[in-house]
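Residue-level structural notes
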Amino acid sequence: MAGGFVAGGADGREYPGELTAFVLITCIVAAMGGLIFGYDIGISGGVTSMPSFLKKFFPSVYFKETQDKSTNQYCKFDSETLTLFTSSLYLAALLSSLVASTVTRKFGRRPSMFFGGMLFCAGAILNGFASHVWMLIVGRILLGFGIGFANQSVPLYLSEMAPYKYRGALNIGFQLSITVGILVANILNYFFDKIKGGWGWRLSLGGAVVPALIITIGAIVLPDTPNSMIERGQREQAKVHLKRVRGIENVDEEFDDMVAASDASKLVEHPWMNLLQRKYRPQLSMAILIPFFQQLTGINVIMFYAPVLFKTIGFGGSASLMSAVITGFVNVVATGVSIYGVDKWGRRALFLEGGAQMLIAQIAVTIAIGLKFGVDGEPGNLPKWYAIAVVLFICVYVAAFAWSWGPLGWLVPSEIFPLEIRSAAQSINVSVNMIFTFLIAQVFLNMLCHMKFGLFIFFAFFVVVMTIFISFFLPETKGIPIEEMAHVWEEHWYWSRFVPKGRAGGDRSTEMTEQEKMW
């Protein structure tokens, strides 16, 4: 098989330890850092479909939607300022993730979570009280800074804290929190839109304070990971903490491997430059390509703009918000499927099945929208059965993403990096994710206006490419201890040429020869 490696660690190495109540509660609290990301994704699309919000901040869009009957149905929401409102957050998240890498490495995972929560809280308050477009944009930038810090630290925290046998399920708790945040935001948008006086959008935007406070308080009470404590020289405390985390006294083997990895990482003076070494080519490739492909599934078209999209294809205002609630609910349930199966079926199986299912659903949506609106986008009311069919196909697509590329796009990159490049590589992962999230958010409405229903074909093409990529180039990482992960590349049919045996990242040797540096 194209990615074969037997689970259980290098040379059959397996660390003892169970899933204790302490680590379970700790990971649940930490995973709630995903709430801020999910809440924002869900809230922005719903708010931008509310007439009162559009009338106050984007009157030209409001006019096209309510008065101008000549505008092509696909183009009613095409506004650079409106898309900047959504996408500015992700550009800010990109910039802050680079700073967060240093904070995470030098001060630990918890400070990054704390800063993320505080910045997100400030942005939510500013947006809730906004009276001018510039206030919205500045608030979105603050939200983006917060997301950059949280997305940098939370997946690392979960991967390091969880026992390797349960790492997949616990790490996907982050994605589950994202989906819960999206669902809660969609539900709130539906009800807040009905508030008389048209000020419900303020509650939607300002409500982001609640998930921000959850992650801020969580960061204060959570312990840091043993890996991070060792990295910062707190070895005795780290060993005591590791015993508590694993629920056993004999943690010597795992602890020694952590210390060896930390010693190797201290030899690295410039983690960013170290990423370019030949032996880290597999991890760097995954840190770039997995988040790149994750965004080009087209999922953020659905999640950012679900209400706008449903309005565009003929749903009424309340109906479009309710349709977004339905897709949000499917998203949560399907993520639960991934939590159940990721450590049972493996990462590759979920990736491949999800890709095939997304492709089928996207083709069906393309046909459904194309037959109804054609290229002219003639407005009209969808028959009830037709509207249900469109929502059904979109739900099939959302479910596929939610148990494959959604959670695994965060899990796999966070678990494959050796300690010496972990913070820098995770920063690359978050940065690439945010670059393409920004680009998709910024150009989607314009692309919808010009490409019409062909936009879904565009994303379907990338689903085919990414599924082929996973099939040939991603080794199975299920059940591999995180400090032993580097060895999966030694056994891979392609990546082994970059990582010959004994030279994998995270090598136990504490001395690095000149020849090693050249790799």
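Residues numbered from 1 in each chain as written. Predicted model: local features only at pLDDT ≥ 70, side-chain atom pairs only at ≥ 80, totals over all residues. Heavy atoms only, no water.

Some words on the overall build of the protein chain
Applied cut-off: Going along the chain from the N terminus, every DSSP run of H or I of four or more residues is numbered as a helix, and every run of E of two or more is numbered as a strand. Exposed residues in this analysis have more than 50% of their type's maximum accessible area, buried residues have under 20%, and partly exposed residues fall in between, with area computed by a 1.4 Å probe over protein chains only. The method behind every accessible area is Shrake-Rupley, applied with a 1.4 Å probe, and residues are considered shielded solely by the protein chains displayed.
For the protein chain, the helix and strand inventory stands at 24 helices and 0 strands. When burial is assessed residue by residue, the protein chain has 63% of its 519 residues classed as buried. Accessible surface for the protein chain amounts to roughly 18,700 Å². Of this, 68% is attributable to carbon and sulfur atoms.

Digging into helix α19 (residues 384–402)
Note the cut-off: Each residue after the first adds 1.5 Å to the expected span of a helix.
Under the 1.5 Å per step criterion, the end-to-end length of α19 is 26 Å for 19 residues, consistent within 8% with the ideal 27 Å. All of the buried residues in α19 are Tyr386, Ala387, Val390, Val391, Ile394, Cys395, Tyr397, Val398, Ala399, Ala400, Phe401 and Ala402.

A look at the environment of Leu170
Filter applied, for reference: In what follows, a contact means two residues having at least one pair of non-hydrogen atoms within 4.5 Å.
Relative to the elements of secondary structure, Leu170 occurs in helix α8 (residues 167–192). Leu170 gets classed as buried once you look at its relative accessible area, which sits at 11%. Leu170 has contacts with Leu19, Leu24, Cys27, Leu158, Ala162 and Pro163, leaving out every residue within four places of it along the chain.

Description of a nonpolar patch on the surface
The test is simple: To count toward a patch, a residue needs a relative accessible area over 30% and no salt bridge; like charges are then connected within 9 Å, while nonpolar side chains (Val, Leu, Ile, Met, Phe, Trp, Tyr) are connected within 5 Å. We define a salt bridge as a side-chain nitrogen of Lys or Arg found within 4 Å of a carboxyl oxygen belonging to Asp or Glu.
Residues Leu19, Leu24, Ile28 and Tyr166 make up a contiguous nonpolar surface patch of roughly 310 Å² in combined accessible area. Accessibility expressed as a relative area gives 45% for Ile28, which makes it partly exposed.

Brief notes about the packing of α19 against helix α20 (residues 405–416)
Where we set the bar: Interaxial angle, 0 to 180 degrees, is taken between N-to-C directions of lines fitted to C-alpha atoms, where a helix line uses only the stretch in contact. Convention used here: angles under 35 degrees read as roughly parallel, angles over 145 as roughly antiparallel, angles from 65 to 115 as roughly perpendicular, and any remaining angle as oblique. Only Asp, Glu, Lys and Arg are considered charged, only Ala, Val, Leu, Ile, Met, Phe, Trp, Tyr, Cys and Pro nonpolar, and every remaining residue, Gly among them, polar.
The geometry of α19 relative to α20 is characterised by a closest axis approach of 5 Å and an angle of 20° between their N-to-C directions. In terms of orientation, α19 and α20 fall into the roughly parallel class. Note on element contacts: α20 touches α19 through Trp405, Gly406 and Pro407, opposite Ala400, Phe401 and Ala402. When its residues are assigned to classes, the contact of α19 with α20 shows 5 nonpolar, 1 polar and no charged.

A word on the side chain of Gln152
Spelled out, the test is: Counting of polar contacts relies on pairs of N or O atoms within 3.5 Å, with two restrictions inside protein: one atom must be capable of donating a hydrogen and the other of accepting it, and residues adjacent in sequence are counted only when both atoms are side-chain atoms.
Position of Gln152 among the secondary structure elements: in helix α7 (residues 133–161). A polar side-chain atom of Gln152 sits 3.2 Å from the main-chain amide nitrogen of Ser427. In this view, Gln152 contacts Ser97, Ala100, Ser101, Thr104, Ser423, Gln426, Ser427 and Val430; residues no more than four positions away in its chain are not counted.

What about the nonpolar core?
Soluble globular proteins: nonpolar side chains tend toward being buried together. This is how it is decided: Residues belong to one nonpolar core when they are buried, are Ala, Val, Leu, Ile, Met, Phe, Trp, Tyr or Cys, and are joined through side-chain atoms within 4.5 Å.
Ranked by internal contacts, the top residues of the largest apolar core, which has 125 residues, are Phe53, Trp405 and Met434. In terms of residue count, the dominant contributor to this core is helix α21 (residues 419–451) (13 residues). Discounting residues that sit within four places of it in the chain, Phe53 has contacts with Val47, Thr48, Phe58, Phe85, Leu136, Trp201 and Leu205. Ranked by size, the runner-up nonpolar core spans 8 residues in total, among them Met229, Ile230, Phe255 and Met258.

Structural notes on the confidence of the model for the protein chain
Should the pLDDT be low somewhere, the predicted coordinates at that spot are not to be read in detail. Just so we agree on the cut-off: In predicted models, pLDDT denotes the confidence assigned by the predictor to each residue on a 0 to 100 scale.
In this model, the protein chain carries a mean pLDDT of 81, and residues with pLDDT of at least 70 account for 85%. Of all the helices and strands in the protein chain, helix α24 (residues 514–518) carries the lowest mean pLDDT, 39, while helix α22 (residues 455–473) carries the highest, 93. Scored below 50 in pLDDT, residues 1–12 makes 32 contacts in the model with residues more than four places away or belonging to other chains. Across residues 503–519 the pLDDT falls below 50, and counting only partners more than four positions away or on other chains, this stretch makes 37 contacts in the model.

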